[in-house]
Structure formats: C-alpha cells, structure tokens
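Here is what each chain is made of, one letter per residue.
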Amino acid sequence: MLPRRPTQRPHPSRLLTAGLGALAAACTPPVPAPPAVGVEAAGPPETIVLVIGCTFRADRTTPHGHTVDTTPYLDRLAQDGVRFDHMIANAGWTRAGGTAIVSGQLPARWGIDDTGKGIANRGLPPEVDTLAERLARAGWATAGATANPNLNPSFGLTQGIAHYRGTDRLFREGQGHIPGAAMVDRLGAEIEAAVAEAPDAPLFVQVMFIDAHDPWDLDPLGQLAQGRAPTDAAPDRYDAALSKLDQAIAQLDQRLAALGRSDRVLIVTGDHGEGLRTPTWAGGGHGYTLYDPHVHIPLVVHGPGVAQGHVVGGIAQQLDLLPTVLSLAGLPPDPALPGTDQLPAIQGHRDRSATPEVLSVTRVMRTSRWRLTTPDWVALQTHAPKRRRSGRPPFELYRRDDRLQTTERADDHPWVAAALHSRGAAMWDQLLAIEQEHVVQPDDGELDHLRQLGYIE
C-alpha cells in the first residue's frame, strides 16, 4: 500500500487574499450596461459628450487587452461601439494635449507644449476658434467641467463653453484630486444650467476626470477587486485608479440618462499616457518623452449612428477630434484644420483611419523632443537632453507594431530613417517658425494645485 499523501492546504496568505478579494468584489458596484442605441441615426445627435481622461494609458485598459480588468465599462462601450486601435496624443502633458483636442491645432503653435519658460504663463489665445465656440455659434448649448487645473478658464481652453466649472479649490487639504463621483455632480449642475437656458438646443458637454493622475492612493480594496494582492507598486496603484475613472464614466452616463440625455454620442479619450516604469526605460511619469506608454491613449465612441463592435486600424490623433465632432454635429468641414474627419470610420464605412501621419511634440521642463508616427513606423528625435539615461540615440526608428519601442531599426532601414527624419524635422522647424506665445496669469490657488500635481518644479 502506498503511503497516503498529506492533504494540501492553501497558504494562509492566499486564503486571506482570496477572502479579502471576495469582500472587495462584493463592495465594488456592478458594471452597468451602457444605454441601448441603434446603428441608424436620422440626423445629428441631440447630445455629444467628450470625456477626457487625464493620464489615460491605452494598454492598461481592458479594451486594449490588459490582463487586469481595469475598465470594464469602457470595454462595454467599445463592444457596443467603435474603438480606435492606435490613437496618438499630439503632446505629452495635459494643457498641451487639451489644446490639441479643443483647437484642432498643434499646441507648439503657441508654445503651450513648452514649460521651460514657466508653466503658469502659456495659454490659448482668445482669437483661436475652439470646438465649443464653433458649436455654440451653430446653436448648441455648452457645458463642461474639469478636475485638472490645466483646463481651467485661465488657460483659454474653455472658450465657448457657457456653463463651466473649473478647479476653484482643492478637494481636501494635501490632496489635489477631485474624485470622479464629485466631478459628475459638478458637471451635472452645469448641464442642468445649460439646458435650462436653452431647452430646445442640442447639447455639447466636455469634461476632464483626473482619477488616474499621480498621486494615486494605495487603494488595497480596489486592487483586491482586480484579483491581486495589494502592493504599493506604481502600475498596481495606477490600475486601481483607472477603475475609479471607469466608474466615473459609468456614473456620468447614468446622470445623463436621469437628465433625459441617454440618447447621446459619447466620445472617450485621453490627454496623454504614463510611463509607470513599465517597461523600465519609459520612466515613471509623463511629459518628458513620447514613446507609446506616454502618447498611446484610448479613443472609444458609443451612441446612435455609431457602428457596433467596430475596431478602426491605422493611426489617429487628437487633432482629428475637432473635425470629427463638427461632422458628427452636421456642420461643414473647415479646410484649415490639419486633422482627419473620422466620422466614416465611426459609422463603420472604414476599417482603417485615413490619418496619414501624426506629429507629437514636447518641451517639458528643459526637454525637447518630437515624434513622427506613420501607419508603419515611429520616428523619434531628441534635441535635449542629447541622450536618454537608457543610452538610446538622439534619433530612433521603430516599427509601429513594436508597441513599446523595444527594437531600434534605424541601422537596418537607413532610407526609411533618413526620410522620416527629414519629414519630422521639417514639420518641427515649421512649427517653431510660426510659434506665437500667449501669456496668461493663473491665480494663486491654481498655482498651488499645479504644484501639487507635479507640473511646477
């Protein structure tokens, strides 16, 4: 007779983790279903909502295949709507990325990407025609709110939004974040005011959530609910924070439904990504570099007239959002805008974005870099500092499907490297030649908030 093997018992730590995970899951609100929508639309929507998630790295989200279910509501929106596979930010930090979205122009035109001369004094000139201004002239009611001071009215990015709530105070002492749930309440009040003022007008809403921006709480229950033991590692805390952002988007949809606006087109995107030292060479934050962890952001569209379960290949950029929303609202195109109207892709008539190339730039805190993305390649040029700590050369070339830019290809493809370097350098020089700074002056409270969030050294 063989000896009886001892009964295998789970380690106590595993039992504790499993038990706490079950508790956390029980405390986590269920993921609601997005509003039911039809593919056919009789005309422009009555409501367009633009959600900008601050520090929204695409490959850490559920729709982009992250191993942790960080954004289940966004995933449902993508399954019932349209997801763009490779949406690229035109800049590496919030005010610059926000400028690209609302103006449809590269922020370097006004030096907004450049913090070397003082982050507090760069803004969007009043003569720039923003997305909200264009819609307001066409008879749209406008409402908005931000949890990030970089989109406060002081910096000009809210021009045309009649009812807007900025970051008039910190959420609590020592904490710069306004939680997503509080942001939904703030935004809801602005929407109600806009609708009361123009009850028969179509409505445009713009909001920025900041839940995923550093500093992140440890949030052990949130990490347990995602199926892992709590750690203080930045990627794990970031993933937990992404779930809060995702919940805020779901809460916003519920609030819109309560206001009779469930038949909306919802556009969810980001201002930039985050390094998270994942991989190590990406660094911990954002703004300084332009690799995919820093500029690959989500773009999901959901609502009436939007194709269902459609994934758009190729490349898209923040500059595409303004012409796309104009087209979605039934307004004529503006040939002066450099971006691509993505409405045919959103309606399911295209499987690939028609955007031919994307220029991204950053000059945050004494750095100077540009990136040129094409459907096949990524080229990066570093002017200052001359070399990264990782030892990467000033000019780098990668295949676009090398999502983390791990294998440099300039020596293998010298003709491609030369062509993209020439093209990117020419675009960069042209931007610098037309750059015109517009100086603004935020108040002391905004400066303190910017300092807490790490924008001011």
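Given the structure is predicted, the values throughout are model-derived calculations rather than measurements.

The next subject is the overall build of the protein. Broken down by element type, the protein carries 12 helices and 15 strands. A buried classification covers 58% of the 457 residues belonging to the protein. Considering only intrachain contacts with a sequence separation of at least 6, the fraction spanning at least 24 residues in the protein is 71%. With the model as given, the accessible surface of the protein reaches about 18700 Å², and the carbon-plus-sulfur share is 53%.

Let's shift gears to the pattern of salt bridges. Two side chains carrying opposite charge are able to pair once their charged atoms lie near each other. Under the criterion given, the structure shown has 19 salt bridges. Its salt-bridge partner being R255, residue D185 comes within 3.1 Å of it at the nearest N-O pair. A residue pair is termed long-range when its members are at least 10 positions apart, and D185 in helix α5 (residues 180-197) and R255 in helix α7 (residues 234-258) qualify at 70 residues. For D185, a relative accessible area of 47% corresponds to the partly exposed category. Given a relative accessible area of 23%, R255 falls into the partly exposed group. One salt bridge in this structure joins E435 and R363, with 3.3 Å as the shortest N-O distance. Of this pair, E435 sits in the loop between α11 (414-434) and α12 (444-452) while R363 sits in the loop between β12 (358-362) and β13 (368-373), and the two are 72 residues apart along the sequence. Taking the relative accessible area as the measure of exposure, E435 reaches 23% and is therefore partly exposed. Connected via shared salt-bridge partners are R60, R228, D236 and D239.

Turning our attention to the packing of aromatic side chains. According to the stated counting rule, one finds 2 aromatic pairs in the structure shown. Ring geometry for W216 and Y238: centres 5.7 Å apart, planes at 80°, overall edge-to-face. Of this pair, W216 sits in the loop between β6 (203-209) and α6 (220-225) while Y238 sits in helix α7, and the two are 22 residues apart along the sequence. For the pair formed by W216 and Y238, the shared burial category is buried. Taking 4.9 Å as the distance between ring centres and 75° as the angle between the ring planes, the aromatic pair formed by W281 and Y291 counts as edge-to-face. Pair noted here: W281 is in the loop between β7 (265-270) and α8 (292-295) and Y291 is in the loop between β7 and α8, with a separation of 10 residues, a long-range link. A relative accessible area of 2% means that Y291 is categorised as buried. A cation sits over an aromatic face here: R95 above F155, 3.7 Å from the ring centre. Between R392 and the ring centre of Y291, over which it is positioned, the NZ or CZ distance is 5.2 Å.

This part is about the sheet that holds strand β15 (residues 395-399). Pairing is antiparallel across the open sheet formed by 4 strands, whose spatial order is β12-β13-β14-β15. Strands at the two margins of the open sheet, each flanked by one partner only, are β12 and β15. The average undirected angle you get between the axes of adjacent strands in this sheet is 15°. Examined bridge by bridge, β12 and β13 share 5 bridges and lie antiparallel to one another. Opposite S360, over in β13, you have R371 as the bridge partner. Packed onto the sheet, α11 meets β12, β13, β14 (377-384) and β15 and runs at close to 125° relative to β13.

With respect to burial, β15 is a largely interior element, 4 of its 5 residues being buried. In this structure, β14 lies alongside β15, joined through 5 bridges in antiparallel fashion. Counted as the bridge partner of A379 is L397 from β15.

Attention shifts here to α7. In this model, α7 (25 residues) spans 36 Å end to end at C-alpha, consistent with the 36 Å of a helix rising 1.5 Å per residue. Backbone geometry just downstream of α7 places G260 in the positive-phi region, at approximately 80°.

Within the secondary structure, R403 sits in the loop between β15 and α11. For R403, a relative accessible area of 29% puts it in the partly exposed group. Between the C-alpha atoms of R403 and Y291, which are 112 residues apart in sequence, the distance is 8.7 Å. Leave out the neighbours within four places in its chain, and R403 touches D85, H86, D292 and H296.

Assignment of secondary structure puts T55 in the loop between β1 (47-53) and α2 (72-80). Under the relative-accessibility criterion, T55 is labelled buried at 0%. Sequence-distant contacts of T55, that is, excluding residues within four places in its chain, are made with A212, H213, Y238, D271, H272, G273, E274 and H286.

This next bit is on helix α9 (residues 321-328). Here α9 lies mainly inside the structure; 7 of its 8 residues are buried. Regarding α9, the residues found buried are L321, L322, P323, T324, V325, L326 and L328.

Now for the pairing of β1. Summarising burial for β1: 7 of the 7 residues are buried, a large majority. Here β1 shows a buried face lined by T47, V49, V51 and G53 and a second buried face lined by I48, L50 and I52. Pairing of β1 with β6, which is carried by 7 bridges, proceeds in the parallel orientation. If you follow I52 over to β6, its bridge partner there is M208. Sheet topology places β1 next to β7; 6 bridges connect them, and they run parallel. By the bridge assignment, V49 is partnered in β7 with L266.

Okay, the environment of G285 next. When you line up the elements, G285 lands in the loop between β7 and α8. Between the alpha carbons of G285 and H213 there is a distance of 9.5 Å; along the sequence they are 72 residues apart.

Rules and cut-offs
Residues numbered from 1 in each chain as written. Predicted model: local features only at pLDDT ≥ 70, side-chain atom pairs only at ≥ 80, totals over all residues. Heavy atoms only, no water. Helix = DSSP H or I, 4+ residues; strand = E, 2+ residues; numbered from the N terminus. Buried < 20%, exposed > 50% of the residue type's maximum accessible area, 1.4 Å probe, protein only. Contact = heavy atoms within 4.5 Å. Areas by Shrake-Rupley, 256 points an atom, 1.4 Å probe, with all protein chains shown as cover. Salt bridge = Lys/Arg side-chain N within 4 Å of Asp/Glu carboxyl O. Phe/Tyr/Trp six-rings, centres within 6.5 Å; stacked < 30°, edge-to-face > 60°. Lys NZ or Arg CZ within 6 Å of the ring centre and 35° of its normal. Pairing = 2+ DSSP bridges. Axes fitted to C-alpha atoms, helices over the stretch in contact; angles between N-to-C directions. Expected span 1.5 Å × (residues − 1).

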